[in-house]
Amino acid sequence: MLRARTAIENMKEYHPPLGNRDGLRLDFNENVGGCSPRVLETLRALSPEVLNKYPEREPGERAVAAHLVLNAAQVLLTNGVDEAIHLLCETYLDPGDEVLISVPTFSMYEIYALATGAKVIAVQAGADFAFPIEQSLAAITARTRLICVASPNNPTGATATREQLLALVQAAPQAAVLIDEAYIHFGGETLLDQLGNFENLFIARTFSKAYGLAGFRLGALCGSVVQMKMLRRVASPYNVNGVALECLMQALDDRAFLARYVAQVLEGRAQLEQFYRERQIPYWSSQANFVLAYFGEFNRALVAEMRRRGILVRDRNSDPGCAGCVRITLGTLEQTERLLHELPEALAGINFVAKPYPQQSKPLSENA
Ligand SMILES: Cc1ncc(COP(=O)(O)O)c(C=O)c1O
């Protein structure tokens, strides 16, 4: 009988709640307002050649590099940040190596790391979900080969400071340190300017969030020239599809579209956070396009009631430290208005009573 590798057999299945996502999708941190009209125009005018020829990534890499003020050799376009994480794991991890993450965070770091047979060392953030820098520094060992930090983080919206991130980069020269800047358009400080200073620093960017192009599966991994050469050995030459590449320039150039959407998210985020304050619902101040809040034992009922009202929100109950928490993505101001109309009614409908967030922190955990 054919058997998967032991590392794969030992993994749990990961099922994001896909399927039946009709309604206002405030559950996946996508840009639910759409994408740049310039991208749509390019799509309508596509020539058949874009489909019948193998896509060339390099012109897109030059464009992204120019946009980020980097050298093209420092940029690898990827099939979303997901693939960037996968490539880092394939490039740097041997079975038994350690991957350091702080939880709660984006699930794909753990999934791709475990698939290689590496050990995941998960440092639990405290009740404020601030980045646990001291515990993370203390958890670095000679076997630490990859450190992944999302800043802003998903699902908490918390950021790590530049000083904290650089301390990690410097404390683990034997490890690739990935700073995942998927939500950087909504808050936090980029470390792009530091790429030339540290050979082990990597930064990931995506077109899935602010740009509204999650369906394109387009991301960028940026790093030092010497290390990006290693990653290019592993990457498929045709990992990014031609349609996405054809539209990339228009997406990058339409800065006005991006600025309009980001401004609406920031205003909507302030309104949602104010609503939570007024209702004394515990929430974590966010630097991303979503806000995590604590609804205690009402979490499932709230998600179901919001769905009944045509709005999808995401139950984060099973994330470490997030029991009872629900994450809501912000969209356009019109969508936020609808959200802030339905949310109080949904809470009334389930007889919700706000309670303080109980401390749920766990000590350093290890999932081999
Ligand atoms: C922190 C973080 N990184 C990466 C991703 C995935 O990005 P992409 O769509 O580019 O694969 C997500 C998606 O939710 C995310 O939250």
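Each value, and the rule that gives it
- Residues numbered from 1 in each chain as written.
- Predicted model: local features only at pLDDT ≥ 70, side-chain atom pairs only at ≥ 80, totals over all residues.
- Heavy atoms only, no water.
- Salt bridge = Lys/Arg side-chain N within 4 Å of Asp/Glu carboxyl O.
- Buried < 20%, exposed > 50% of the residue type's maximum accessible area, 1.4 Å probe, protein only.
- Helix = DSSP H or I, 4+ residues; strand = E, 2+ residues; numbered from the N terminus.
- Near = heavy atom within 4 Å.
- Polar contact = N/O pair within 3.5 Å; in protein donor to acceptor, adjacent residues only side chain to side chain.
- Areas by Shrake-Rupley, 256 points an atom, 1.4 Å probe, with all protein chains shown as cover.
- Pairing = 2+ DSSP bridges.
- Contact = heavy atoms within 4.5 Å.
- Axes fitted to C-alpha atoms, helices over the stretch in contact; angles between N-to-C directions.
- Expected span 1.5 Å × (residues − 1).
- Arc of directions from axis to C-beta.

A. Molecular detail of the pattern of salt bridges. Taken as a whole, this structure holds 17 salt bridges when the rule is applied. For the salt bridge of R21 with D27, the shortest nitrogen-to-oxygen distance reads 2.8 Å. This pair shows no difference in class: R21 is buried, exactly as D27 is. A salt bridge links E342 to R309, with the shortest nitrogen-to-oxygen separation between them at 2.9 Å. With E342 in helix α13 (residues 333-349) and R309 in the loop between α12 (299-308) and β11 (311-312), this residue pair connects regions lying 33 residues apart in the sequence. A residue is classified by how much of its surface remains accessible, and E342, at 14% relative accessible area, is buried. Using a relative accessible area of 21% as the deciding quantity, one classes R309 as partly exposed. In the salt-bridge network here, residues are joined through shared partners; they are E305, R308, R309, E342 and E345.

B. The site of the ligand, seen in detail. Close to the ligand lie 14 residues, the nearest being V81, D180, Y183, T206 and S208. The separation between a nitrogen atom of the ligand and a polar side-chain atom of D180 is 2.6 Å. At a separation of 2.7 Å, an oxygen atom of the ligand approaches a polar side-chain atom of Y183. Protein contacts shield 92% of the accessible area of the ligand, which totals 390 Å² for the unbound molecule. With three residues, helix α5 (residues 80-92) is the single largest residue contributor to the shell around the ligand.

C. Structural context of the environment of N71. If you trace the backbone, N71 turns up in the loop between α4 (58-68) and β2 (75-78). Taking the C-alpha atoms as reference points, N71 and P17, 54 residues apart in sequence, are found 38 Å from one another. In this structure the side chain of N71 is engaged in a polar contact, spanning 2.9 Å, whose partner is the backbone nitrogen of A73.

D. Seen up close, the sheet that holds strand β10 (residues 290-294). Strand order in this open sheet of four strands is β9-β10-β13-β12, and the pairing throughout is antiparallel. With partners counted over all chains shown, the strands left at the sheet margins are β9 (283-284) and β12 (314-315), one partner each. The sheet strands contacting helix α11 (residues 255-278) are β9, β10 and β13 (325-329), and the helix crosses β10 at an angle near 10°.

E. Highlighting the side chain of D97. Inspection of the secondary structure assignment puts D97 in the loop between α5 and β3 (98-103). Its relative accessible area of 5% is what places D97 among the buried residues. There is a polar contact of 2.8 Å between the side chain of D97 and the side chain of R143. In contact with D97, other than residues within four places in its own chain, are Y92, A118, K119, R143 and R145.

F. The arrangement of the side chain of S151 in detail. Inspection of the secondary structure puts S151 in the loop between β5 (144-150) and α8 (162-171). Among the residues examined, S151 registers a relative accessible area of 3% and is labelled buried. A distance of 3.0 Å separates a polar side-chain atom of S151 from the backbone nitrogen of A160. Those residues in contact with S151 that lie beyond four places of it in its chain are A158, T159, A160, L165, D180, E181 and I184.

G. Representation of the environment of L302 within the structure. Relative to the elements of secondary structure, L302 occurs in helix α12. On the accessibility criterion, L302 (0% relative accessible area) is buried. Considered as a pair, L302 and A346 are 44 residues apart in the sequence and their alpha carbons are 6.7 Å apart. In this view, L302 contacts F295, V326, L343, A346, L347 and I350; residues no more than four positions away in its chain are not counted.

H. Molecular detail of α13. For α13, which comprises 17 residues, the first-to-last C-alpha distance of 24 Å matches the rise-based estimate of 24 Å (1.5 Å per residue) to within 8%. Burial in α13 covers these residues: Q335, T336, L339, E342, L343, A346 and L347. Relative to the axis of α13, the buried residues are bounded by an arc of 135° and lie together on one face. Set apart from the buried face of α13 by more than 90 degrees, the exposed residues are E334, E337 and A348. Where α13 is buried, its residues contact β1 (24-25), α11, α12, β11 and β13. Positioned one or two residues after α13, N351 has a phi angle of 55°, which is positive.

I. Structural view of the environment of A175. With respect to the element layout, A175 can be found in the loop between α8 and β6 (176-180). Through-space distance from the C-alpha of A175 to that of R143 is 8.4 Å; in sequence the pair is 32 residues apart. Setting aside chain neighbours within four positions, we find A175 in contact with T144, R145, L146, I147 and N200.

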